[in-house]
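# Coordinate inspection notes
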Amino acid sequence: MAIVVGVGMVPFGRHPDKTVADLGTGAVLAALADAGLPWRAIEVMHCGAAGAGLTPGTRIGAQLGLTGIPITNIDNASASGSSAFRLACRDVDSGSVDIALAVGVGKFGRTLRLDGGVGAPEPGTAEYRERQIGAMQGPLPPAGLFAMRTRRRMYEFGSNLDQFAQVAVKNRKHAMLNPYAQMREPMTLEDVRNARVVADPLTVPHCCPVGDGGAAAIVVSERKARELGIAPAIRVIASAFRTPTLAGVMNAQDADTTVATVQAAYEQAGLGPRDIDLVQVHDAFTVEEIEYCESMGFCERGSGEAAVERGELSIGGRIPFSTDGGLLSRGHPLGPTGLAQVHETVLQLRGAAGQRQVEGARTGLVHMVGIGGVCLVHILQRE
Amino acid sequence: MSVEPAAKPMVEGIFTPAGSDGLAHLLCSRCACGAVAFPARERCAACSGTDLVVEEVPNEGTIYSWTTSPGRTVRVVAQVQFANGLMAQGHVTAEPAAVRIGQRVRTVAVPVDYADDGTPLLSYAFEPVEEAA
C-alpha cells in the first residue's frame, strides 16, 4: 500500500503575486522538504487543477527542473487534487514506481465556462443552444442547488436554518487554529444570519469562499519506506472513486454517490464508521457536511443537524469533521482542496496538528465531490 | 404594414406551448426500458439504449424545493416533480412569499425574448394553481 511520506501547502487565500505554476511549485517544495527528498527523486507526478489553463503540472515540473518524468494533468472539478492523489497511489501500488507525487493548484478568476469556452457562446452553435436551454431552466450559481437541498431538508426533517449555520460557525472555529486556512476571523451565529443572501435561504457564510492555493503529497512504496526508515508509516488503506447512477433523485445525487463511494472504501479497508477517528469532507455548502455525515454512516438520516448542534462533529467531539476549517473556512481553490485534506489528515495522524489535534487520531477519512457527480474517498491509517 | 410573427419556443424540443390538450407541456424522452428524461435524450441514461420516443410531461406538478436566482430582480427557481417520475427545474411566476414546497403548479409558456426578425420567443415556467398559504 502507498505510504504518505511528505505533505506541503501554500496557505489558501489571495496570492496575486504568484502564478498557478508558482503556487504548485511552492506546495511541491514544501512536501519535498517534509519528506526529506529532492525533486529529482520523484518518478511520476499527477497535477489536479480545474480551469487553470493548459498543463499546469507540466509548468510546475519545468520550474522544479526538467527531469523527463511523466506528468499528467487532471481536471475533475473540485475533486481534481483527490484524483491526482488517487493516481499517484495507484502508480506506487502497481509497482511501476517507488516515489510518486500529487499536486493540486487553483487560482480564482481562472475558471472557464463549463463547456470550455471563454465569454458568451456564438449564436448558432451547440454551446449557444445549451446556454439557452439553461436560461429556460433558471440558471443558478452552485449555491442555488444547495439552497434547494437545504430547504428540502428543512421541510423533510423540520430542521431550521440556524442548525446549518452551526456548521459554518464550527468550521470557522477550527480554521482559526489553522495557519493554512483562508478564513480565520471569528464568526458568530449572528454573523451568519445577518450576512447577504446568495440563494434563498443561504447567506454568504453558508458557502465556501473562492481563493488561490496549492497543496501536494508524496507517496512511496513499502520497500522505499523501509529504505527511507519511515516510521510510523501512514498508509493509504482505501481509494474509492464513483460517479452517479440513476438510483438517486436529482436533489440527492451527491449524497447517494457518497454512500456508494464510502461503502467501497470501507470494504477495501475492512473498516466501518466506528473505526474512523476524523473526517475531512466536501463542505462547500453547510448542508453538505450534514448530508454526508449521514451518507458515511456516522448518524441516521435526518439526525445530522442534531449531531452538529451537540458538538459531535467538532474537535473534541465524537467524530470531528473538517478539523482544518473545511472548504467553508480553510478555503476551496478547487484543484488543491483534496490534497489540503490529505495534508491535514497526515498532520493529525502524526500528532502534529497543534491546537486542533484530535487526541489519539489513527485513522482518517477524506471525501471530495466534484461538480457533475465525481466522488472520491480515501482512508489513511497510521501503523 | 406589419404582421406580428407567431411566438415560438426559444429552443425547439424542450417544451410545447400548446400540446395535445392545448396546454403547455415539457417534452421528455421515454426509453423502451421505461426510463424518462428531461430534456429529452438520444441515448438512455439507465440502459444506454437508443430506442427512445418523445412524449409530453403532465402539465401539472408539485414543487419539490425552490430558491431564488441572483440579480436585481429576485426570481424564484424551483424543482418540480411530475407524476411520470420526472423532476425538472424552471422559473416560478410568483413572489418568494407565495411559493412553498408541496405546492401544485402548472406548466405555462411565457415570452422572454425576441428573435432578430421580431418573433417573440417563449420559455416555459411554472405557475401556482393554488395559494401558498
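For the structure, see preceding data.
Here is a short report on the structure shown in this document. Keep in mind that this is a model prediction, so the values were computed, not measured.

## Details of the overall build of chain A
- Within chain A one finds 13 helices and 11 strands.
- The C-alpha radius of gyration computed for chain A amounts to 20 Å, which stays within 12% of the reference 21 Å derived for 383 residues, consistent with globular compactness.
- By principal-axis analysis of the C-alpha atoms, chain A measures approximately 55 × 55 × 40 Å.
- Partitioning the contacts of chain A with sequence separation of at least 6, the portion at a separation of at least 24 is 75%.
- Within the structure as shown, chain A displays about 14700 Å² of accessible surface, and the carbon and sulfur contribution to it stands at 52%.
- Charge centroids of chain A, computed over 35 positive and 39 negative side chains, lie 2 Å from each other.

## Thoughts on the packing of helix α1 (residues 20-35) of chain A against helix α2 (residues 56-64) of chain A
Residues and elements named next belong to chain A.
- Two elements in contact, α1 and α2, have axes separated by 8 Å at closest approach and are oriented at 60°. Looking at the two axes, α1 sits oblique to α2. The hand of the α1/α2 crossing is right-handed. From α1, Val20, Ala21, Asp22, Gly24, Thr25, Val28 and Leu29 reach across to α2, where they touch Pro56, Arg59, Ile60, Gln63 and Leu64.

## What about the packing of aromatic side chains?
- Within the structure shown, the criterion is met by six aromatic pairs over all chains.
- Seen in terms of ring centroids, Phe146 of chain A and Phe285 of chain A are 4.3 Å apart; in terms of plane orientation they differ by 15°. Their pairing is stacked. One end of the pair, Phe146 of chain A, is in helix α5 (residues 142-157); the other, Phe285 of chain A, is in the loop between β9 (278-280) and α10 (286-295), and 139 residues separate them in sequence.
- Residue classification places Phe285 of chain A among the buried positions, given a relative accessible area of 7%.
- Plain terms: the ring middles of Phe82 of chain B and Phe126 of chain B are 6.2 Å apart, the flat faces sit at 50° to each other, and that makes the pair tilted.

## Focus on the pattern of salt bridges
Residue and element names in this part refer to chain A.
- Across all of its chains, the model carries 23 salt bridges over all chains by this definition.
- Notably, a salt bridge pairs Asp34 with Arg350, separated by 2.9 Å at the nearest N-O pair. Placement of the pair is Asp34 in helix α1 and Arg350 in helix α13 (residues 337-350), with a sequence separation of 316 residues.
- Using a relative accessible area of 36% as the deciding quantity, one classes Arg350 as partly exposed.
- A salt bridge links Arg318 to Glu312; the nearest nitrogen and oxygen atoms lie 2.9 Å apart.
- When its relative accessible area of 49% is taken as the criterion, Arg318 is described as partly exposed.
- Judged by relative accessible area, Glu312 falls into the buried class, the value being 14%.

## Re the interface of chain A and chain B
- With 24 residues of chain A at the contact, the number on the chain B side is 27 residues.
- Across the interface of chain A and chain B, roughly 2400 Å² is buried in total on both sides, 64% from carbon and sulfur atoms.
- Seen at the junction of chain A and chain B, the total is zero salt bridges.
- Linking chain A to chain B there are nine residue pairs in polar contact (both at pLDDT 80 or more).
- Those elements giving two or more residues to the side of chain A that touches chain B turn out to be α4 (126-136) and α5 of chain A.
- In terms of residue count, α5 of chain A provides more of the side of chain A that touches chain B than any other element does, eight residues in total.
- Considered class by class, the residues forming the side of chain A that touches chain B number 14 nonpolar, five polar and five charged.

## What about empty space enclosed by the protein?
Residue and element names in this part refer to chain A.
- Tallied over the full model, the rule gives one cavity of 30 Å³ or more.
- Here the largest cavity defines a volume of roughly 30 Å³.
- Lining of the largest cavity is provided by Ser82, Phe85, Gly338, Gln341, Val342, Val366, His367, Met368, Leu376 and His378.
- Put simply, the parts of the chain that give the lining of the largest cavity at least two residues each are α3 (80-93), α13, β10 (363-370) and β11 (374-382).

What counts, and where the lines are drawn
- Residue positions are counted from 1 within each chain, in the order its sequence is given.
- As a convention, the first chain written is A and the first ligand written is 1, with the rest following in written order.
- Thresholds applied to this predicted model are a pLDDT of at least 70 for local features of residues and 80 or more for the giving and counting of side-chain atom pairs; totals over whole chains, interfaces and linings are not thresholded and use all residues.
- Remark: hydrogens and water are excluded; side-chain values derive from all non-hydrogen atoms of the structure.
- Strands here are runs of E lasting at least two residues and helices are runs of H or I lasting at least four, both read from the DSSP assignment and numbered beginning at the N terminus.
- We compute the radius of gyration from the C-alpha atoms alone; for a globule the expected value is 2.2 Å times N to the 0.38, where N is the number of residues.
- The contact rule is simple, with two residues in contact once any of their heavy atoms fall within 4.5 Å.
- Only the protein chains shown count as cover for residues, with accessible areas throughout obtained via the Shrake-Rupley method and a probe of 1.4 Å.
- Note that His is not counted, nor are the chain ends; the positive residues are Lys and Arg, and the negative ones are Asp and Glu.
- Note that the charge is assigned to NZ on lysines, CZ on arginines, CG on aspartates and CD on glutamates.
- Only the contacting stretch of a helix is used when fitting its axis, a line to C-alpha atoms as for every element, and angles between N-to-C directions run 0 to 180 degrees.
- With respect to orientation, any angle under 35 degrees is reported as roughly parallel, any angle over 145 as roughly antiparallel, any angle of 65 to 115 as roughly perpendicular, and every other angle as oblique.
- Should the near helix be turned anticlockwise from the far one by less than a right angle, the crossing is termed left-handed; should it be turned clockwise, right-handed.
- Side-chain rings of Phe, Tyr and Trp (the six-membered ring for Trp) are treated as a pair once their centres are within 6.5 Å; stacked means planes under 30 degrees apart, edge-to-face means over 60, and tilted covers the remaining angles.
- The buried label goes to any residue with under 20% of its type's maximum accessible area, the exposed label to any with over 50%, and the partly exposed label to all in between, with areas taken from a 1.4 Å probe on protein chains only.
- Within this document, salt bridges are pairs made up of a side-chain nitrogen of Lys or Arg and a carboxyl oxygen of Asp or Glu, the two lying within 4 Å of each other.
- Accessible area, probed at 1.4 Å, shrinks when two parts are joined; the buried area is that loss added up over both.
- In protein, a polar contact means a hydrogen-donor-capable atom and an acceptor-capable atom, both N or O and within 3.5 Å, with residues adjacent in sequence counting only if both atoms are side-chain atoms; elsewhere, any N or O pair within 3.5 Å suffices.
- Here the term charged refers only to Asp, Glu, Lys and Arg, the term nonpolar to Ala, Val, Leu, Ile, Met, Phe, Trp, Tyr, Cys and Pro, and the term polar to all other amino acids, Gly among them.
- The rule is simple: put a 1 Å grid over the protein atoms alone, call a set of points where a 1.4 Å probe fits but cannot get out a cavity, call an open set with protein on both sides within 12 Å along at least five of seven lines a pocket, and count a residue as lining if it has an atom within 4 Å of a point.
- Grid points are joined across faces, edges and corners, and a volume is the space filled by probe spheres set on the points.

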